[in-house]
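# An overview of the molecular structure
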Amino acid sequence: MEVLDKQRRVYVLGGGVSKFAAERVDGSMRDWINEAVLEALEDSGTRIEDIEHSTTSYFSDHFDKQLKAGAIFHDNIGMCPKPNVRVEGGGGTGGLAIRNAYAYIKAGLCDSMIIFGSENMGRQVPSDVAQQFIALASDTDWEVQVAGFYIAYYALMMVAHMEKYGTKEEQFALISVKNHRNAMYNPKAHYPMDISVDDVMNSRMITYPYKLLDNCLLSDGAASLIFATEEWAKKHSANWEKKPTIELTGTGCGTDFMRLADRPYPDPGILHFRGKQVGAEMAYKMAGVKDPLKDLDCFEVHDAYTGVELVSYEDLGFCKPGESGKLMEKGVFDIGGELPTNTSGGLIGFGHPVGATGIAQGVEVLRQLRQEAHPKRQVELNAKRGGMDSHGGTGTFCAINIFERRD
Amino acid sequence: MGLDQIKNLMEVFTAEDPMAFDHPDGDPWADFREIMRIEWKMDFTYKHILGKYSKFFIELANKKFVTTECKNCGKVWGIPRPLCPDCMSITRWKELPGTGTLESYSVSNFVPAFMKVEIPYVLAMVKLDGADTLFTHQLKNYGDSVDAIKMGMKVKVAYTDEKVDHPMLLMHFEPA
């Protein structure tokens, strides 16, 4: 695959994130989208009447008992009669929306695009019904009927990883400690907390090796990003000259079988996210990333569960298979470490309103590369690149995107 | 009358500004903090077709474990597939002995309540003898403690004579 038109580049003009919380009783998805979009417009110095296209990012039609919700979001922010498209890939939806912006702008279908994503994570139905809706995102004929649910699927992967590589529960716990801690410096975060490895280890066992504090939470919220070509930005963005220039330089996507059981056995079997390896390779090649640990300054990694983040380090090429736990112990991924991950707090600390999550990752990398993050979570810029990894199912959809500062 | 007119009304309340600290000029949504919550009931039942996979479930009722074999490449999928995704050939049914090896397992102390299983329950991934990919089901009758479960142990498909809600529950795994 070659990107032919090297002259036509895609820039990240601005972003916005609503407050993430367990239950935003002050509004609904459409209200949170408005909140995120207003911030993205102000941040980018653009006006909605100039933006040519939008992409909708949300996962479930069930939680909000609303199909085609994108039409509502799009008309709420005054985008009609301009074009809109929805993308959907479970937890990877937001990352796919960023990739979609790249494709549409690069192809010349538009010069500017706003993407917005949200999820009403089910506090409007009893938690049992919410769990049932989430289970619908695995194979309902085969997996759900045997009492499969997401924590259990991921536990099956982690038990195999622990068996093969000697990965430890305490190493998983370190992810939870880091992400809750990073969230303390993100005022939009759902779950900021100063906790220890012991707190995680002593929290209620759900499915071995996962305890309560190994899991992300269901959050309400929304996020938005605005992309455009340089020519469009010069004409329509009041902040183009004022703020550092950030470019979307790489995008990759990979997939795997819906059911864990169908994945090529024994390699990679259920040990790794094959789709993530494929997507990362694509994105790195486009962005000129050779050694991700050195060529990137920060990375938002999909941490629906602590072990997912750890295994993702291996599949994103930060280290060899089986080495992620040891690097985590060394502090490589802490703020101040070689490659700080989930500086926003990630899904565990910042929150996981599914359709917003991948976009919020992009907003965080944008803030980091512009050096606008809270001083306690701001990373040092060397390579001036940041990555994000958005992932659905048990790695069924993986979208990896790279932003780079150009000045 | 007034709000009493609304049959499905649950509550009317004033919501707080979740971002109060972030607005130097005050709450921009101050005019929109009065919130109503209503109840909306939806209830539906699917008449679900199990499609070209149906024979698997029919044979479970006969206490047989069948899956599919690709007529072209010979790959046997643990979970049957009418079309082999490796070579896009139509497959054929094949009976397996129902024995296998435990590749991974998880012990859950919590399940969403809609799932009718007693906790703790064990989800197992099994490499069935004669299949090239894995199969996921519950592991039962492993003894008094989950400590008896070991990676790599031999297991077998077992069948129940009880009434079940879904044909998938006609089987489970047990230590061989």
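Residues numbered from 1 in each chain as written. Chains lettered and ligands numbered in written order. Predicted model: local features only at pLDDT ≥ 70, side-chain atom pairs only at ≥ 80, totals over all residues.

## Description of the overall build of chain A
Looking only at helices and strands, chain A has 14 helices and 11 strands in total. A compact globule built from 407 residues should have a C-alpha radius of gyration of about 22 Å, and chain A, at 19 Å, falls within 12% of that. Its C-alpha atoms give chain A principal-axis dimensions of about 55 × 45 × 40 Å. Expressed as a percentage of its 407 residues, the buried residues of chain A come to 63%. Here the analysis covers contacts within chain A between residues at least 6 apart in sequence; of these, 79% occur between residues at least 24 apart. (Helix = DSSP H or I, 4+ residues; strand = E, 2+ residues; numbered from the N terminus. Rg over C-alpha atoms; globule rule 2.2 N^0.38 Å. Buried ≥ 20, exposed ≤ 12 C-beta atoms within 10 Å, placed from the backbone. Contact = placed C-beta atoms within 7 Å.)

## Re helix α2 (residues 69–76) of chain A
Residue and element names in this part refer to chain A. Here α2 has its buried residues at Ala69, Gly70, Phe73 and His74. Projected down its long axis, α2 shows its buried positions confined to an angular sector of 135 degrees, all on one face. In the core, the buried residues of α2 are packed alongside α1 (29–44), β2 (53–57), β3 (84–87) and β4 (112–119). Following α2 by one or two positions, glycine 78 adopts a phi angle in the positive range, close to 75 degrees. (Arc of directions from axis to C-beta.)

## Some points on the sheet that holds strand β3 (residues 65–70) of chain B
By way of backbone hydrogen bonds, the strands of a sheet pair with one another, either parallel or antiparallel. Residues and elements named next belong to chain B. Taking strand neighbours across the sheet as the criterion, the 4 strands line up as β4-β3-β6-β5 in an open arrangement whose pairing is antiparallel. This sheet does not close on itself; its edge strands, each paired only once, are β4 (76–77) and β5 (83–84). By the bridge criterion, 2 bridges tie β5 to strand β6 (residues 89–96) in an arrangement that is antiparallel. The residue of β6 that forms the bridge with cysteine 84 is serine 89. (Pairing = 2+ DSSP bridges.)

## Things to note about the confidence of the model for chain B
With 99% of its residues at a pLDDT of at least 70, chain B reaches an overall mean of 94. Reported for the predicted complex are a pTM of 0.97 and an ipTM of 0.94. (pLDDT = per-residue confidence, 0-100.)

## Points about the interface of chain A and chain B
Taken together, the contact pairs 35 residues of chain A with 43 residues of chain B. Listing elements by their share of the side of chain A that touches chain B, those giving two or more residues are α4 (127–135), α5 (150–165) and β5 (205–207) of chain A. The greatest single-element share of the side of chain A that touches chain B, amounting to 6 residues, is contributed by α5(A). Looking at the side of chain A that touches chain B residue by residue, the class counts come to 20 nonpolar, 5 polar and 10 charged. (Nonpolar A, V, L, I, M, F, W, Y, C, P; charged D, E, K, R; others polar.)

## Observations regarding the pairing of strand β1 (residues 9–14) of chain B
All names here are of chain B. Along β1, only 0 of the 6 residues are buried, which leaves the element largely exposed. Where β1 meets strand β2 (residues 34–38), 5 bridges bridge the pair, whose relative direction is antiparallel. Residue pairing across strands places valine 12 opposite methionine 36, the latter belonging to β2.

## With respect to the nonpolar core
By size, the foremost hydrophobic cluster in this structure holds 146 residues, and its most contacted members are A:Ala101, A:Leu156, A:Phe227 and B:Ala124. Among the elements that line this core, the one with the most residues is α5(A), at 12 residues. Beyond its immediate stretch of four places on either side in the chain, A:Phe227 contacts A:Val10, A:Tyr11, A:Val12, A:Leu13, A:Ala101, A:Ile105, A:Ser112, A:Met113 and A:Leu248. (Core = buried A, V, L, I, M, F, W, Y, C linked by C-beta atoms within 7 Å.)

## Brief notes about the environment of A:Pro264
All names here are of chain A. In this structure, proline 264 sits in the loop between β8 (246–255) and α9 (274–287). For proline 264, a count of 13 C-beta atoms within 10 Å gives the class partly exposed. For the pair proline 264 and valine 10, spaced 254 residues apart in the sequence, the C-alpha separation amounts to 36 Å.

## Brief notes about the environment of B:Glu118
One can find B:Glu118 in the loop between β7 (99–108) and β8 (121–128). Between the C-alpha atoms of B:Glu118 and B:Ala15, which are 103 residues apart in sequence, the distance is 40 Å.

## Here we look at the packing of α1(A) against α2(A)
Residue and element names in this part refer to chain A. At a minimum axis separation of 10 Å, α1 and α2 run at an interaxial angle of 45 degrees. Overall, the two elements α1 and α2 adopt an arrangement that is oblique. Every pair of crossing elements has a handedness; the one defined by α1 and α2 is right-handed. In contact with Met29, Arg30, Ile33 and Asn34 of α1, α2 contributes Ala69, Ile72, Phe73 and Asn76. Split into classes, the residues belonging to the contact of α1 with α2 amount to 5 nonpolar, 2 polar and 1 charged. (Axes fitted to C-alpha atoms, helices over the stretch in contact; angles between N-to-C directions. Parallel < 35°, antiparallel > 145°, perpendicular 65-115°, else oblique. Left-handed = near helix turned anticlockwise from the far one by under 90°.)

## Considering unusual backbone geometry
For the bond from A:Tyr265 to A:Pro266, the omega torsion is 5 degrees, close enough to zero to count as cis. The residue A:Pro266 is located in the loop between β8 and α9 in this model. Residue A:Asp267 is joined to A:Pro268 through a cis peptide bond whose omega torsion reads 5 degrees. By secondary structure assignment, the location of A:Pro268 is in the loop between β8 and α9. Of note in this structure, A:Lys384 is not a glycine but carries a positive phi near 60 degrees. Along the polypeptide, A:Lys384 turns up in the loop between α14 (354–369) and β10 (385–392). Even without being a glycine, B:Asn141 presents a positive backbone phi close to 55 degrees. Secondary-structure assignment places B:Asn141 in the loop between β9 (134–139) and β10 (154–159).

## Some points on the environment of B:Phe56
Residue and element names in this part refer to chain B. With respect to the element layout, phenylalanine 56 can be found in helix α1 (residues 54–61). Classification of phenylalanine 56 as buried rests on a count of 22 C-beta atoms within 10 Å. Residues in contact with phenylalanine 56, not counting those within four places in the same chain, are Val66, Thr67 and Pro80.

## Some points on the packing of helix α3 (residues 93–106) of chain A against α14(A)
Residues and elements named next belong to chain A. Following both chains from N to C, one finds α3 and α14 inclined at 55 degrees, their axes separated by 6 Å at the closest point. The angle between α3 and α14 places the two elements in the oblique class. Side by side, α3 and α14 meet where Thr93, Gly94, Gly95, Ala97 and Ile98 of the first sit next to Val354, Gly355, Ala356, Thr357, Gly358, Ile359, Gln361 and Gly362 of the second. Here the contact of α3 with α14 is built from residues that sort into 5 nonpolar, 8 polar and no charged.

## With respect to the pairing of β7(B)
Residue and element names in this part refer to chain B. For β7, a buried count of 8 out of 10 residues is recorded, marking the element as mostly surrounded by other parts of the structure. In this structure, β7 lies alongside β10, joined through 3 bridges in antiparallel fashion. Following the sheet pairing, glycine 100 is matched in β10 by valine 155. Two elements, β7 and β8, share 8 bridges in a ladder whose sense is antiparallel. By the bridge assignment for β8, valine 107 is matched with valine 122.

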